[in-house]
Amino acid sequence: MAKPLIPVEAIYERALDLLDAEGSAALTTRRLAGDLRISTRTLYQQAGSREELIRALVARHFSALRLEFHEGDDWESTALLWCLGLRDALYAHPHLTGLMTVDDRVSIMEYVDQLVEATLREGIPKEIAIECCRTLVNLTINHSVMAVRGLHEPKLSREVEADRIEDNFVMTVGWILTGVRADAARTAKRKARK
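Just so we're clear, the structure is a prediction, and the values are computed from it rather than from any experiment.

Draft legend 1. Layout of unusual backbone geometry. One non-glycine residue, R37, lies in positive phi territory at about 60 degrees. Position of R37 relative to the elements: it lies in the loop between α2 (29–36) and α3 (40–47).

Written as structure tokens, this is what we have:
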């Protein structure tokens, strides 16, 4: 009699546990199949290759995220809260964040759309608002990936590096928002002269 297949959710849960506990090097098909007490053939049948499994884990993680959008006292604080919320969600599973690709960004578009709407309400022209939000999402994701990778660098003092990374992130977001506000003001002046 054939052994019943293991639920795919059990495979994903164990794979994420392995990633969280030991990093991406621990996530091999042989190790995962052994932990689940199934054959690698069964694992491939149910979850595909290691790369397919990773892509599914990232997609699953982002689809399960319930990123809360919070309005701040002003547009700048709203945008910073948005960036920090996304960053914190990415830090929840740092090894998974380190495995992200550009294609994985699609899954957070609803959250991005909320920031675009807040930026438009601020009076920022649509084309500038879209580019601003695209820049902020790219900065947040790239910064998070680099911060996660930096924590695994043995030559760096993790505490000092973490503080520097945090300060740099908040400062960079502030610079972008200042530049966007200035660009929007220049655009408004040009339109007023016409």
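Draft legend 2. Main features of the nonpolar core. Counting 55 residues, the largest nonpolar core has L27, L32, L53, L57, W82, L86 and L136 as the members making the most contacts within it. When residues in this core are grouped by element, the largest group, nine residues, is from helix α8 (residues 126–151). Excluding its chain neighbours within four sequence positions, the residues that come into contact with L136 are A79, W82, C83, L115, V173, I176 and L177.

Draft legend 3. Quick peek at the pattern of salt bridges. Scanning the model with the defined rule gives eleven salt bridges in all. Taking the shortest distance from any N to any O, the salt bridge between R31 and E22 comes out at 2.8 Å. Exposure remark for E22: the relative accessible area of 45% places this residue in the partly exposed category. Note that E131 and R134 form a salt bridge whose closest N and O atoms lie 2.4 Å from each other. A residue pair is termed a helical-turn pair when its members lie 3 or 4 positions apart in one helix, as E131 and R134 do in helix α8 at three residues. The exposure class of E131 is partly exposed, given its relative accessible area of 41%.

Draft legend 4. Quick look at the side chain of H93. Within the element layout of this structure, H93 appears in the loop between α5 (75–91) and α6 (94–97). With a relative accessible area of 18%, H93 lands in the buried category. Only 2.8 Å separates the side chain of H93 from the side chain of D20, close enough to count as a polar contact. Setting aside anything within four residues of it in sequence, one finds H93 in contact with L16, D20 and H61.

Cut-offs and rules
- Residues numbered from 1 in each chain as written.
- Predicted model: local features only at pLDDT ≥ 70, side-chain atom pairs only at ≥ 80, totals over all residues.
- Heavy atoms only, no water.
- Helix = DSSP H or I, 4+ residues; strand = E, 2+ residues; numbered from the N terminus.
- Core = buried A, V, L, I, M, F, W, Y, C linked by side-chain atoms within 4.5 Å.
- Buried < 20%, exposed > 50% of the residue type's maximum accessible area, 1.4 Å probe, protein only.
- Contact = heavy atoms within 4.5 Å.
- Salt bridge = Lys/Arg side-chain N within 4 Å of Asp/Glu carboxyl O.
- Polar contact = N/O pair within 3.5 Å; in protein donor to acceptor, adjacent residues only side chain to side chain.

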